[in-house]
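In case you want the letters, here they are:
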Amino acid sequence: MHDWTKAEWIDPTRPWTNPLPVPEFPERLLVDFATRCNLRCPMCPVWGSDDDRAIDEVKGIMDLEDARRMLDQVMAGRPMVAPSVYGEPLLIPNLKEVFTEIKRRGMPIVANTNGLTLTDDLAKFFVDLQVDSIMFSLDSVTKETLQKVRGIDRLEKIESNVFRLMRVRGDAEYPRVGVSFTIQPENRHELDAFIKRWVGVVDVVRTCPVFDTHEGTFTQIDAPAERRPCPAIYKTMPVHNDGTVRLCCLDGFRATAMGNIFEESVPAVWHGEALAKARYYHETGQWDKVPFCKPCNGWVQYDYEEEVRDGILIRRSPQFTYYNKIDRLKNWRGSLLGGHKPPPEHLVETSSGVL
């Protein structure tokens, strides 16, 4: 790997004598195999935009042979693969082939979906393939609120598909099934009801404040005064359908450019100059030189506190709260943790029926 500490862009008044370690491969590979969606959620940095031309410019489908080459390049590191960045994963045209190619290389799949097009056939496929995690974006407990935050009122349809997947899975270990709630002014009043509705029902419930695309930051986060480098740029590689890599998964319209894995390779981009510069500027506090990151407070995402209550392992950071069913913790491990520390071993043993 290249040593960038002597690069010409290093400020001699801000030497880089002890860079933070960068793993050989990204731990999380976020890939838009197909940038298409069946919703126009107002909160979404892409589909919530009123700039149709900008949306058209990011639409596309990744060539399957290109996808195979990408997966071959990272399989030794076995990263967690999320098969979408700004696309709805269930709309990938060759979904079964793509998912099979990922799992054939021994890599876990973590899918976030609106769940509208889930069928019995797809649910069975996910269970048979042992897709590791499927998280349904619900964001409401009433169809009126769903209409405000996602532009549809088909709450019963999405909820029924959550239960469809759980029914098809039965007592099998995978997929890990969860629901998520993105907190925003239009649905904040339903947060407590959402937690009461779903905690203890699905394997995991996740809540998170909405990202304000105009301000470039998450709302309602109290970050510590002393800023630190964002862990995402040491763990996560977001790849768009054309192979371009962005600094952050929140960069929906490609404001940043880290390289192209089809023109170079995954390792070449991951350890390349563009990402090295960004890491250097983060580590030396030169936020003005990383405009996309400057206002953001998402770097606090892994600052978790933990408690156990009523059969639930709760993890809270300023950004996320996770409610994990203890009796389903055995399906949350390895690279599926996505940057979390492993859950306490005695709780995992309890979930496995050892204690």
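The structure presented is a predicted model; accordingly, all values stated were derived computationally and were not measured.

Rules used throughout
Residues numbered from 1 in each chain as written. Predicted model: local features only at pLDDT ≥ 70, side-chain atom pairs only at ≥ 80, totals over all residues. Heavy atoms only, no water. 1 Å grid on protein atoms, 1.4 Å probe; cavity = no way out; pocket = protein on both sides within 12 Å on 5 of 7 lines; lining within 4 Å. Points joined across faces, edges and corners; volume = space filled by probe spheres on them. Nonpolar A, V, L, I, M, F, W, Y, C, P; charged D, E, K, R; others polar. Helix = DSSP H or I, 4+ residues; strand = E, 2+ residues; numbered from the N terminus. Salt bridge = Lys/Arg side-chain N within 4 Å of Asp/Glu carboxyl O. Buried < 20%, exposed > 50% of the residue type's maximum accessible area, 1.4 Å probe, protein only. Phe/Tyr/Trp six-rings, centres within 6.5 Å; stacked < 30°, edge-to-face > 60°. Lys NZ or Arg CZ within 6 Å of the ring centre and 35° of its normal. Contact = heavy atoms within 4.5 Å. Pairing = 2+ DSSP bridges. Axes fitted to C-alpha atoms, helices over the stretch in contact; angles between N-to-C directions. Polar contact = N/O pair within 3.5 Å; in protein donor to acceptor, adjacent residues only side chain to side chain. Core = buried A, V, L, I, M, F, W, Y, C linked by side-chain atoms within 4.5 Å.

(A) Highlighting the layout of surface pockets. Put simply, the largest pocket is a space of about 370 Å³. Forming the walls of the largest pocket are 18 residues, and the residues nearest its centre are Cys-44, Pro-45, Thr-213, His-214 and Phe-253. Across the lining of the largest pocket, the residue classes tally to 11 nonpolar, six polar and one charged. Approximately 250 Å³ is the volume attributed to the second largest pocket. His-2, Trp-4, Pro-19, Leu-20 and Val-22 are the residues nearest the centre of the second largest pocket, which is lined by 15 residues in total. Among the elements that make up the lining of the second largest pocket, the one with the highest residue count is helix α10 (residues 273-283) (three residues).

(B) Spatial organisation of the pattern of salt bridges. Under the criterion given, the structure shown has 28 salt bridges. Glu-65 serves as the salt-bridge partner of Arg-68, at 2.2 Å between the closest nitrogen and oxygen. Highlighted residues: Arg-68 and Glu-65, both in helix α2 (residues 64-74), separated by three residues, approximately one helical turn. For Arg-68, a relative accessible area of 18% translates into the label buried. With relative accessibility at 40%, the residue Glu-65 sits in the partly exposed group. Note that Arg-197 is salt-bridged to Glu-159, the shortest N-O span being 3.1 Å.

(C) Highlighting the packing of aromatic side chains. Enumeration over the complete set of coordinates arrives at 12 aromatic pairs. A ring pair is formed by Trp-9 and Tyr-280, whose centres lie 5.8 Å apart and whose planes are at 55 degrees; its orientation type is tilted. Here the residue Trp-9 occupies a position in the segment before β1 (28-31), and Tyr-280 occupies one in helix α10, the gap between them amounting to 271 residues. Counting every residue linked through ring pairs, the aromatic cluster contains Trp-4, Trp-9, Trp-16, Tyr-280 and Tyr-281. For the cation-ring pair, Arg-227 lies above Trp-287, with the distance from its terminal atom to the ring centre recorded as 3.8 Å. The ring of Tyr-234 carries the charged tip of Arg-279 above its face, separated from the ring centre by 5.8 Å.

(D) Region of interest: helix α4 (residues 120-129). Residues of α4 that are buried: Leu-122, Ala-123, Phe-125, Phe-126, Val-127 and Leu-129. The inward-facing, buried residues of α4 contact α3 (95-104), β6 (133-137) and α6 (155-169). Note on α4: the residue one or two positions beyond its end, Gln-130, has a positive phi of about 60 degrees.

(E) Highlighting the sheet that holds strand β16 (residues 321-325). Taken together, seven strands build an open sheet; the order of strands is β5-β6-β7-β8-β16-β15-β14 and the sheet is mixed. On the outer flanks of this sheet lie β5 (110-113) and β14 (305-309), each paired with one strand and no other. Strand-to-strand, the axes of this sheet are offset by a mean angle of 20 degrees, without reference to chain direction. Of the strand pairs in this sheet, β6 and strand β7 (residues 176-183) are connected by five bridges, and their pairing is parallel. Within β7, the residue paired with Ile-134 across the bridge is Val-177. Those strands touched by α6 are β6 and β7, and its axis lies near 160 degrees from that of β7.

(F) Up close: the side chain of Thr-217. Residue placement: Thr-217 occurs in strand β10 (residues 217-218). Among the polar contacts made by the side chain of Thr-217, one reaches the side chain of Asn-297 at a distance of 3.1 Å. Apart from the residues within four sequence positions on either side, Thr-217 is in contact with Val-210, Phe-211, Asp-212, Pro-295, Cys-296 and Asn-297.

(G) Local environment of the pairing of β1. Residues Arg-28 and Leu-30 point to one face of β1 and Leu-29 and Val-31 to the other, with burial holding for every one of them. Sheet analysis places β1 next to strand β4 (residues 80-82), joined by three bridges and oriented parallel. Residue pairing for β4: Arg-28 is matched across the bridge by Met-80. In the sheet, β1 pairs with strand β11 (residues 236-239) via four bridges, with the strands oriented parallel. Bridge pairing in β11 links Leu-30 to Pro-238.

(H) Local environment of the nonpolar core. Ranked by size, the top nonpolar core spans 105 residues in total, and within it Phe-33, Met-70, Phe-99 and Phe-126 carry the most contacts. It is α4 that contributes the most residues to this core, six residues altogether. The residues contacting Phe-126, other than those within four sequence positions of it, are Leu-90, Leu-95, Phe-99, Leu-118, Val-131, Ile-134 and Pro-175.

(I) Representation of the environment of Lys-289 within the structure. By the secondary structure assignment, Lys-289 is in the loop between α10 and β14. Taking C-alpha positions, Lys-289 is 17 Å from Arg-254, a pair spaced 35 residues apart along the chain.

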